[in-house]
Amino acid sequence: MFKALVVDKSEDGVVTSAIQELDDSRLPLDGNVTVAIEYSTVNYKDGLCLTGSGGLVRNYPHIPGIDFAGVVEQSDDARYNPGDKVILTGWRVGEAWWGGYAQKARVKADWLVPLPKRLSTQQAMAVGTAGFTAMLAVMALEDHGLSSEKGEVLVTGAAGGVGSVATSILAKLGYDVAGVTGRPETADYLKSIGASRVVAREELNETVKRPLESETWAGCIDAVGGNMLARVLGQMKYGGSVAAVGLAGGANLPATVIPFLLRGVNLLGIDSVMQPFENRQRAWQRVVSDLPLDKLEAIVQPAKLSDLPELGAAILKGSVQGRVVVDVN
Ligand code: NDP
């Protein structure tokens, strides 16, 4: 028997969750690797799945948790053997498939990544989808010509999961990082993880009035979308790129095309869910080399399975700071 946080929906549409004891017969039949999970985490999407919002979960009862890290218990795939340490992020695990809020999962070998040397399963989940995505965003900006001498890089939603890891990585790489936050009380935290200045959310969340503002940012990692992304596009330096990662402030993009046409600004889409295996490995290797582990510790708060319903609601309100690591055992 093993423990899992099971989310269910009543006939009148109310979503509830409870920790249950399950046996192996409940594990999905279409997986070919069974993993003893050590840690999971809480991302924005987990908040949606835990609360039944956003229409991500179609079938109940469901086990959320879009990320996990653990040890292979049994494998029908030649790439993995019992005892191997693995990470899983994306592939709609925890949304359409059994997720990481359990002590066990059975998944497709294609979805796994071997845990990089020099990273523990706990550290991998401190990174999680949010941090992995932050790394993909940094890689995309670099691939489009960003380097530290080009100028200041903006991170929006800076005190959140993606934003905190992005800030730490960029600072370690020598970038001058400005972090946008709606929580002024996080200023010391943001500076401690590498932001050189903090920009108040109010400065950027009003609608676009002028399609071009003064050229301020050499690059941007945007977790917010909406008005903020639209405003940032008009503030990019000539040829600069914005990596669009999230929609914490809205899915609309009320912008003009002028920054693309007159300043050669690039808008780069970042998807962590369907990334090919080779790029996943490249990103995890970059996490090991470019994310300072002492900074990672500073952004982590520990949690247990029983904390998840509360944390799910909190992340949707934008009130979780940094990254949550869930010890499922
Ligand atoms: P968090 O909740 O940890 O961070 C989001 C941050 O955005 C908040 O902490 C807050 O930062 C800011 N924010 C929240 N609401 C608003 C608002 N209304 N207006 C402006 N800013 C706001 O979530 P994650 O970091 O886990 O995820 C961030 C986003 O990235 C989400 O939309 C998520 O779905 C998306 N995402 C996308 C992925 C992909 O593959 N493309 C992968 C992972 C995440 P502060 O308090 O500092 O202002």
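Criteria and cut-off values
Residues numbered from 1 in each chain as written. Predicted model: local features only at pLDDT ≥ 70, side-chain atom pairs only at ≥ 80, totals over all residues. Buried ≥ 20, exposed ≤ 12 C-beta atoms within 10 Å, placed from the backbone. Helix = DSSP H or I, 4+ residues; strand = E, 2+ residues; numbered from the N terminus. Contact = placed C-beta atoms within 7 Å. Near = placed C-beta within 6 Å. Nonpolar A, V, L, I, M, F, W, Y, C, P; charged D, E, K, R; others polar. Domains from an automatic or database assignment. Core = buried A, V, L, I, M, F, W, Y, C linked by C-beta atoms within 7 Å. Axes fitted to C-alpha atoms, helices over the stretch in contact; angles between N-to-C directions. Parallel < 35°, antiparallel > 145°, perpendicular 65-115°, else oblique. Left-handed = near helix turned anticlockwise from the far one by under 90°. Expected span 1.5 Å × (residues − 1). Arc of directions from axis to C-beta.

An unreviewed UniProt entry lists the chain under the name MDR family oxidoreductase, from Kiloniella antarctica.

**Student:** I'm lost on helix α1 (residues 44-51) in this one. Help?
**Tutor:** Each α-helix winds once per 3.6 residues, and so residues spaced three or four apart point in a common direction. Of all eight residues making up α1, seven are buried, and the element is well covered by its neighbours. Tyr 44, Lys 45, Asp 46, Gly 47, Leu 48, Cys 49 and Leu 50 are the residues of α1 that are buried. Looking at the buried residues of α1, the elements they touch are β1 (2-9), β2 (15-22) and α9 (308-316).

**Student:** I keep staring at the site of the ligand and nothing clicks. Help me out?
**Tutor:** As a structural note, the neighbourhood of the ligand is formed by 33 residues, with Gly 157, Gly 160, Gly 246, Gly 249 and Gly 318 the closest of them. Mapped by element, the contributors of at least two residues to the shell around the ligand are α1, α2 (121-143) and α3 (161-172). For the shell around the ligand, the per-class residue count stands at 15 nonpolar, 14 polar and four charged. In this structure, the shell around the ligand is formed jointly by two domains, domain 1 (2-115 + 299-327) and domain 2 (129-269), each of which donates at least three residues.

**Student:** Is there a simple way to explain the nonpolar core in this structure?
**Tutor:** A general tendency of soluble globular proteins is for nonpolar side chains to be buried together. Core analysis: the biggest nonpolar cluster contains 101 residues, and Ala 134, Ala 137, Ala 166, Val 232 and Ala 243 have the highest contact counts within it. Residue-level mapping places this core at the junction of two domains, with at least three residues from each of domain 1 (2-115 + 299-327) and domain 2 (129-269). In this structure, Ala 166 is in contact with Ala 134, Ala 137, Val 138, Val 155 and Ile 221, ignoring residues within four places of it in sequence.

**Student:** How do you make sense of the packing of α2 against α3 when you look at a structure like this?
**Tutor:** Relative to each other, α2 and α3 sit at 50°, their axes nearing to 8 Å. By the angle between their axes, α2 is oblique relative to α3. Between α2 and α3 the crossing geometry is right-handed. Here Val 127, Ala 130, Gly 131, Thr 133, Ala 134, Met 135, Ala 137 and Val 138 of α2 come into contact with α3, specifically with Gly 161, Val 162, Val 165, Ala 166, Ile 169 and Leu 170. Counted by class, the contact of α2 with α3 contains 11 nonpolar, three polar and no charged residues.

**Student:** Would you explain the domain arrangement of the chain in this entry?
**Tutor:** Many authors give the size of an interface as the accessible area that is lost as the parts come together. We note that the domain assignment places domain 1 (2-115 + 299-327) and domain 2 (129-269) within the chain. Tallying the contact residues gives 11 residues for domain 1 and 14 residues for domain 2. Of the residues contributing to the side of domain 1 that touches domain 2, the split by class is three nonpolar, six polar and two charged.

**Student:** Would you explain the environment of Gly 157 in this entry?
**Tutor:** For Gly 157, the position within the fold is in the loop between β8 (153-155) and α3. Separated by 25 residues in the primary sequence, Gly 157 and Gly 182 have C-alpha atoms spaced 7.7 Å apart. Beyond its immediate chain neighbours, meaning those up to four positions away, Gly 157 contacts Val 162, Gly 163, Ala 223, Val 224, Gly 246 and Ala 248.

**Student:** Help me understand the packing of α1 against α9, please; the structure alone is not making it clear to me.
**Tutor:** Describing two packed helices takes the angle between their axes plus the distance from one axis to the other. Relative to each other, α1 and α9 sit at 120°, their axes nearing to 8 Å. Considering the angle they form, α1 stands oblique to α9. For the crossing formed where α1 meets α9, the hand is left-handed. Seen from α1, the contacting residues are Tyr 44, Asp 46, Gly 47, Leu 50 and Thr 51; seen from α9, they are Leu 308, Pro 309, Gly 312, Ala 313, Ile 315 and Leu 316. Counted by class, the contact of α1 with α9 contains seven nonpolar, three polar and one charged residues.

**Student:** In this structure, what is going on with helix α7 (residues 277-290)? I would like to understand it.
**Tutor:** Taking 1.5 Å of rise per residue, the 14 residues of α7 would be expected to cover 20 Å, and the 20 Å separating its terminal C-alpha atoms lies within 8% of that figure. Along α7, the positions that sit buried rather than exposed are Ala 283, Trp 284 and Val 287. For α7, the angular spread of the buried residues around the axis is 100°, confining them to a single face. Exposed and oriented more than 90 degrees from the buried face of α7 are Glu 278 and Ser 289.

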